[in-house]
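Geometric and topological summary
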Amino acid sequence: MLTINVTESDDIQSAINKLDSTNGGHIVIKSGQHLTGPLELISNLTLTLEAGAIIKFKDDPMLYPPVWTRWEGIECYAMHPLLYAANKRNIEINGSGIIDGSGSNWWKKFKIIETTNRTLPQETYERRLAQLNPDYKTRTGGGGRPSTQYLRPPLVQFWTCHDIVLDGITLKNSPFWTLHMVYSKNITIKHTTFSNPANAINTDAMDIDSSENVIVSHCLLDVGDDGVTLKSGSGKDGLRINLPTKNVKVTDCRILSSHGGIAIGSETAAGISGVEVSNCVFEGTRRGIRLKSRRTRGGTIKDIKLTNLKMDACWCPISLEQYFAPGVLPNEEATVLSEGPQPVDETTPHIQNIEIKDITATNVRATAAFIVGLPEAPIQHVTIENFNWSLANKADLLPTEYAEETGGRFHDTSRDIKTINVNNLSINGNRLG
């Protein structure tokens, strides 16, 4: 195997391209800061970041041209991922170095969009995407405001790849989602650190998106949105692709600050199943276990096992809900968020067969659990066993509306378990519905 050492004065992409002609090899990023534009990986590549090595990406949006991708659950053109592999295999990224997305200016630009409530493209890099995405004005999403076409790039994306390993590295300061795996399989993520500021919007640690056979272990996640996140496309576009996320195991991870520690959804169109999460610690996350979808998203979340989890200072340890409100278009609110039953079709989401066992949650700040299904599609077959929780001190308590983002619906003044539209719910052996 050919090995190329890359110093601060060398071009990383040139080194990668050189190995492409030899069917892969080993690149060693030496200590120092390596400033770069977008990078594209090749098959049969080992990328090692030595101690003190930092791959730091430039923060000019014009450097990241449009690529066809999936952005908040819908295929479209968006900005080129910072570190990108498409249709590749046998890639390992290891070492103790850092991959830094220089996210600060990306977040500042988005904050301005939010503060001014801008909904349409304005900048050159937004307008060039709008020309390629003619439906952008009606594009639904989560909290990323896709109608502006400020479609920020993930720090790392694997698109239709297989046999991927991340081991030991640190991923930080991502403009958008940090590690995005799309239509990929056979992925191992271990001893990896994910670090984004708590106020950096949409900076999920990892998004396992219509992918399968993923193992996550011994990772530290401290980010500005969800932690370990599972998705499978949104609405009719996700149904068109129809690739589920399945066979995911997460163990021995520590999750800090995130909106949802283990987050399944809200893009659920092709289904998410066969998920096992065990022996993880959550500290200061808004929600520990977070299953979320809404009308128009479609798909079924099922066969989920979450066991032996310890939580401290969470807003809400367990949240299962089908009224996820962020990103709902104004013309959809009356039906998508209606408390009354709506017609059942292929875009109706379902949650079923959920086993939650051996959970200890101390210093709970808002609500012990928040479980809200749809009247036309109740959450079914949920078992919560050996769930031990205690409230935080009075000075640290939050209103119960902090349990979940439902546009202010379904909240009361209690701090006990709240359930609406659930069939076959068992808590510590007591059947409640």
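Presented here is an overview of the structure given in this document.

Quick notes on the rules
Residues numbered from 1 in each chain as written. Predicted model: local features only at pLDDT ≥ 70, side-chain atom pairs only at ≥ 80, totals over all residues. Heavy atoms only, no water. Phe/Tyr/Trp six-rings, centres within 6.5 Å; stacked < 30°, edge-to-face > 60°. Helix = DSSP H or I, 4+ residues; strand = E, 2+ residues; numbered from the N terminus. Buried < 20%, exposed > 50% of the residue type's maximum accessible area, 1.4 Å probe, protein only. Lys NZ or Arg CZ within 6 Å of the ring centre and 35° of its normal. Salt bridge = Lys/Arg side-chain N within 4 Å of Asp/Glu carboxyl O.

Glancing now at the packing of aromatic side chains. In total, this model carries eight aromatic pairs according to the counting rule given. Centre to centre, the rings of Tyr64 and Trp106 are 6.0 Å apart; their planes meet at 65°, and the pair counts as edge-to-face. Of the two residues, Tyr64 sits in the loop between strand E6 (53-57) and strand E7 (66-71) while Trp106 sits in helix H2 (residues 104-116), which places them 42 residues apart along the sequence. Exposure class is identical for Tyr64 and Trp106. Each is buried. Residues Tyr125 and Tyr150 carry aromatic rings whose centres are separated by 6.0 Å and whose planes lie at 45° to one another, so their mutual orientation is tilted. Placement of the pair is Tyr125 in helix H3 (residues 124-132) and Tyr150 in the loop between H3 and strand E12 (156-159), with a sequence separation of 25 residues. Looking at Tyr150, the relative accessible area reads 1%, which means it is buried. One aromatic cluster is present, built from ring pairs that chain together Tyr64, Trp106, Tyr125 and Tyr150. Seen from the ring of Phe110, Arg152 lies directly overhead, with NZ or CZ sitting 4.3 Å from the centre.

Where charged atoms from two side chains of opposite charge approach closely, those side chains can pair. For the structure on display, the rule yields 13 salt bridges. The partner of Asp226 in a salt bridge is Arg290, with the nearest N and O atoms 2.8 Å apart. Taken as a pair, Asp226 in the loop between strand E20 (220-222) and strand E21 (228-231) and Arg290 in strand E26 (residues 287-292) lie far apart in primary sequence, 64 residues in all. Overall, Asp226 belongs to the buried group, its relative accessible area being 1%. Residue class for Arg290 comes out buried when judged on its relative accessible area of 1%. Among the ionic contacts, a cluster of salt bridges with common partners joins Asp226, Arg287, Arg290, Lys292 and Glu404.

A separate point is unusual backbone geometry. The amide bond that connects Gly265 to the next residue, Ser266, takes the cis arrangement and shows omega of 5°. Its location among the elements puts Ser266 in the loop between strand E24 (260-264) and strand E25 (272-283). Despite not being glycine, Asn44 shows a phi value in the positive range, around 55°. When you line up the elements, Asn44 lands in the loop between strand E4 (39-40) and strand E5 (45-49). Even without a glycine there, the phi angle at Asn247 is positive, about 60°. In this structure, Asn247 sits in strand E22 (residues 245-251).

From the geometry alone we can't say anything about function, so treat these as descriptive.
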